[in-house]
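Given next are the chains, with one letter for each unit.
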Amino acid sequence: MNLFFRNKRVTGLLTIIPENERNFIDEMSNFDVPISRSLKLKEVMGYDKHRMVEPGVCASDLAVLGLQSLISRNLLHSQDIDAIIVVTQSPDYLMPSTSHVIQGRLKLKQDMICMDINQGCAGFVMGLIQSYMLLDQPAIQKVVLINVDILSSKVSIQDRNSYPLIGDGASITIVERSNSTEEFSIYANVKMDGARYDSLIIPAGGFKQPSSFKTAILHEVEEGNFRALDHLHMDGSAVFNFVQTEVPKMIDDLLSFSGMKQEEIDVFLFHQPNRFMLEKLADKIGVPYKKMPMNVVEKYGNSSGVTIPIAITLNYKKKLCLENMIACCAGFGVGLTWASMIMPLGYLKFCESIEYPNQLDN
């Protein structure tokens, strides 16, 4: 599905990273494999450290701290927020929605829209699409898009395929209407395949299979890998093949739809599951590595829909406050969902990162 938008733009971006840092070298003893094999995996996949929230910290905590930071520094005025979109797979509650919780904790106005979207790896692009749609309404001038996931507690510490990669984090993206006649058009496309839903899944915890003492029991599911039904399960080979097969076609289709050439794109901001997958993807699409940041997982881990915002604040926070870039964003994963967007990104009012709970700039 191709989508087209005009007169919309991102005006600010903040990422919130837990200060609690874990080191892969210190965690190798959790995995029932030789150390040499773990080190080889570390080198190939490109991970080293990851950030995780402390027990008891929930999604709204990261979002509220980020919004309070922006409001206290007059980078965002609370009365100007017309809509809050929260994209997460780790909500505070099954009900109510986390966006309502955030609105209540900050005592925001009632004349607004609060909305949760259950999306993961493609969540940043999906959230932008929904934000742009809301901005088509005359009553809505400013949307706060929050991507947040704290899935570390849902990954088995003895699962070497997932645990070293997982990270927690949040981002706050301010999206507004722009009346500039020179505004660059925005092109997007979205595809979904629910027939492959079980390629990335947490089997227990929903209404279909509620959590119980049985779903919490660890089982050896692969050689040296232990997890429970309450934990994230990823079919690694299926996901890898899906990404390498579907994403290049998606980018080709998006470029064709936009009428742009690949050389006109300044930066490719792709979801970051691991460095190996991104390198193979860049090779297949023909994108130079220097145009596709791949350094998020090694520093912070895979935080689902937050990896693209982190890639932006990690690599371009100064540049994007001073100039404009043409960005191609792409997310792909759980659902299965794959979505991409070509948009202008730049002249931001702020582009920065803070830590939870210290609020120290990274």
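Everything numeric here is computed off the predicted structure, so don't read it as measured data. (Residues numbered from 1 in each chain as written. Predicted model: local features only at pLDDT ≥ 70, side-chain atom pairs only at ≥ 80, totals over all residues. Heavy atoms only, no water.)

Looking now at the environment of proline 357. Along the chain, proline 357 falls in the segment after strand E17 (350–356). Sequence-wise, proline 357 and leucine 41 are 316 residues apart; in three dimensions their C-alpha atoms are separated by 31 Å. (Helix = DSSP H or I, 4+ residues; strand = E, 2+ residues; numbered from the N terminus.)

Within the secondary structure, glutamate 352 is located in strand E17. In terms of polar contacts, glutamate 352 uses its side chain to reach the side chain of arginine 73, at 2.4 Å. (Polar contact = N/O pair within 3.5 Å; in protein donor to acceptor, adjacent residues only side chain to side chain.)

Time to look at the side chain of serine 97. Tracing the backbone shows serine 97 in the loop between strand E5 (83–87) and helix H4 (98–105). Here serine 99 takes part through its side chain, which lies 3.1 Å from a polar atom of the side chain of serine 97. Within the local environment of serine 97, its side chain forms a polar contact with the side chain of histidine 100, the two groups lying 2.5 Å apart.

This brings us to the sheet that holds strand E15 (residues 324–333). A sheet is described by the order of its strands in space; here five strands give the open sequence E1-E9-E16-E15-E14, paired in mixed fashion. Two strands bound the open sheet, and with one partner strand each, they are strand E1 (2–5) and strand E14 (267–270). Strand-to-strand, the axes of this sheet are offset by a mean angle of 20°, without reference to chain direction. Alignment of E15 against strand E16 (residues 337–346), held across ten bridges, turns out to be antiparallel. Pairing of cysteine 329 across the sheet is with methionine 341, part of E16. This element, helix H9 (residues 307–316), spans E14, E15 and E16 of the sheet and lies at about 140° to E14. (Pairing = 2+ DSSP bridges. Axes fitted to C-alpha atoms, helices over the stretch in contact; angles between N-to-C directions. Contact = heavy atoms within 4.5 Å.)

What follows concerns the pattern of salt bridges. For the structure shown, the criterion picks out 13 salt bridges. Close ionic contact of arginine 196 with aspartate 193 constitutes a salt bridge, the shortest N to O distance being 2.6 Å. Glutamate 279 is paired through a salt bridge with arginine 275; the nearest N and O atoms lie 3.7 Å apart. Residue glutamate 279 and its partner arginine 275 are both found in helix H7 (residues 275–285); the two are separated by four residues, about one turn of the helix. For glutamate 279, a relative accessible area of 24% puts it in the partly exposed group. Under the relative-accessibility criterion, arginine 275 is labelled partly exposed at 21%. One salt-bridge network, held together by shared partners, links Asp193, Arg196, Glu246 and Lys249. (Salt bridge = Lys/Arg side-chain N within 4 Å of Asp/Glu carboxyl O. Buried < 20%, exposed > 50% of the residue type's maximum accessible area, 1.4 Å probe, protein only.)

If you trace the six strands from one edge of the open sheet to the other, you get E6-E5-E7-E8-E2-E17, paired in mixed fashion. One side of each edge strand has no neighbouring strand; the edge strands of this open sheet are strand E6 (113–117) and E17. Looking at each pair of strands side by side, their axes are set apart by 15° on average, direction ignored. Its contacts with the sheet put helix H5 (residues 123–134) on strand E2 (8–18), E5, E6, strand E7 (142–149) and strand E8 (169–177), and the angle it makes with E7 is roughly 160°.

So, on to the packing of helix H6 (residues 236–258) against H7. At a closest axis distance of 10 Å, the pairing of H6 and H7 adopts a crossing angle of 35°. Taken as a pair, H6 and H7 cross one another with a handedness that is right-handed. Taken together, the residues of H7 that come into contact with H6 (itself represented by Val239, Phe240, Val243, Gln244, Val247, Pro248 and Ile251) are Phe276, Met277, Lys280, Leu281, Lys284 and Ile285. For the contact of H6 with H7, the class distribution of residues is ten nonpolar, one polar and two charged. (Left-handed = near helix turned anticlockwise from the far one by under 90°. Nonpolar A, V, L, I, M, F, W, Y, C, P; charged D, E, K, R; others polar.)

On to the packing of aromatic side chains. A complete count under the given rule lists eight aromatic pairs for this structure. An aromatic cluster is defined as three or more aromatic residues linked by ring pairs; in this entry it consists of Phe4, Tyr187 and Phe257. (Phe/Tyr/Trp six-rings, centres within 6.5 Å; stacked < 30°, edge-to-face > 60°.)

Let us now look at the environment of phenylalanine 242. Tracing the chain through its elements places phenylalanine 242 in helix H6. By relative accessible area, which is 1% here, phenylalanine 242 ends up buried. Separated by 96 residues in sequence, phenylalanine 242 and tryptophan 338 have C-alpha atoms that sit 9.7 Å apart. Contacts of phenylalanine 242, omitting those with residues within four sequence positions, involve Arg196, Val247, Phe332, Gly333, Leu336, Thr337 and Trp338.

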